[in-house]
Amino acid sequence: MEETPILANEHDYILETSGMTKEFRGFVAVNEVSLKVRRGHIHALIGPNGAGKTTCFNLLTKFLEPTRGEIRFNGSDITREAPERIARRGVVRSFQISAVFPNLSVLENVRIALQRKLGTSFHFWKAGRSLDRLNERAMELLAAVGLESYATMRTGDLPYGRKRALEIATTLALDPELLLLDEPTQGMGHEDVDRVMQLIKQVSANRTILMVEHNMKVVSGISDRITVLARGSILAEGAYAEVSANPSVIEAYMGSEAAALASPAGHEETPPAPASFAAPRGGQPALGAPQGGFLRGAALQEA
Ligand SMILES: Nc1ncnc2c1ncn2[C@@H]1O[C@H](COP(=O)(O)OP(=O)(O)OP(=O)(O)O)[C@@H](O)[C@H]1O
Ligand SMILES: [Mg+2]
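Residues numbered from 1 in each chain as written. Chains lettered and ligands numbered in written order. Predicted model: local features only at pLDDT ≥ 70, side-chain atom pairs only at ≥ 80, totals over all residues.

Caption draft 1: Examining the pairing of strand E5 (residues 68-73) more closely. Where strand E1 (residues 13-24) meets E5, five bridges bridge the pair, whose relative direction is antiparallel. What sits directly across from Ser 18, in E5, is Glu 70. Where E5 meets strand E6 (residues 76-77), two bridges bridge the pair, whose relative direction is antiparallel. The residue bridging Arg 72 from the neighbouring strand is Asp 77, located in E6. Counting the residues in the hairpin turn of E5 and E6 gives two residues, including Asn 74, whose phi is positive at 50°. (Pairing = 2+ DSSP bridges. Helix = DSSP H or I, 4+ residues; strand = E, 2+ residues; numbered from the N terminus.)

Right under this line is the structure:
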């Protein structure tokens, strides 16, 4: 089945957390999360706004220190390691908000990412053809995400969906073994969503992907396994069919959102969410959705 460097059996987890917890001044944002990600899987982490998904990513990449608990990558305890060390191990994330240099060309953005990766390799810089190689590799990566013809364009002028594709190219430049994607299709229209979904599927060959995603079409379309987070804790885990039929998951989503969960590509009864539909934390429940905006991505796409 999967092609893996180490033995591939059902217990071959690339990432395992146990009791991972993050408190912010007594507020428990991530609560005793024990997550297992199988090597080679596309694993989706879903849950309402404020569930703790991004905080989990921050803990896994050590942007934040866990209050307690353990994180293991490829069998090694990385709980106390520095972020650079973890990146060097091959754990790389993209950000929820696009993070590319707008005034540089598309190609230059990928080159910078490649230089970051190669920066520590003296042998690379010694070789005479290094810069040619860098350009070649950058073009390969652009081709991989369908951006070849945009290479010389100023990045700020790229259409939104293409910008996210570029962001994926810059993370791929670091050749991650475990790629963390935080809402890769956020704010995209239909076509871009489909393209990025295919792209994720494509780049998942030979690597593992853990993604936070609100768009249920994407989640159901490409995830091998899904973990549902709610109020910091794991609520359910399994394949899409299993998780979407779970009563406690349905209860957490409620009303129209549960309906959307049951039929990800189906018709939305609710009007399209306004672009500014940010998580109304603690605000008035909207449309029977007390958690607010869980499927805001899906609602935007499918309305
Ligand atoms: N640095 C921080 N200090 C205090 N509270 C925080 C901090 N970071 C996150 N939180 C809180 O922790 C909870 C989880 O936030 P997080 O951003 O992880 O949610 P999320 O699942 O990614 O939500 P979304 O779907 O909106 O991106 C929220 O209640 C948030 O306000
Ligand atoms: Mg988030």
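Caption draft 2: Up close: the environment of Asn 135. Summarising the element assignment, Asn 135 is placed in helix H5 (residues 130-144). Here Asn 135 falls in the partly exposed class, since 15 other C-beta atoms lie within 10 Å of it. Taking the C-alpha atoms as reference points, Asn 135 and Arg 111, separated by 24 residues in sequence, lie 6.9 Å from one another. (Buried ≥ 20, exposed ≤ 12 C-beta atoms within 10 Å, placed from the backbone.)

Caption draft 3: Region of the structure containing unusual backbone geometry. Of note in this structure, Lys 62 is not a glycine but carries a positive phi near 65°. Examined against the element boundaries, Lys 62 turns out to sit in the loop between helix H1 (53-60) and E5. Look at Glu 183: it is not a glycine, yet its phi comes out positive at around 50°. Within the secondary structure, Glu 183 is located in the loop between strand E8 (178-182) and helix H7 (190-203).

Caption draft 4: Structural context of the site of ligand 1. In the vicinity of ligand 1 there are twelve residues, among which Phe 24, Ala 29, Lys 53, Thr 54 and Thr 55 approach most closely. Elements supplying a minimum of two residues to the shell around ligand 1: strand E2 (27-33) and H1. A total of three residues in the shell around ligand 1 trace back to one element, the largest contributor, which is H1. Each residue belonging to the shell around ligand 1 can be placed in one class, and the counts come to five nonpolar, six polar and one charged. (Near = placed C-beta within 6 Å. Nonpolar A, V, L, I, M, F, W, Y, C, P; charged D, E, K, R; others polar.)

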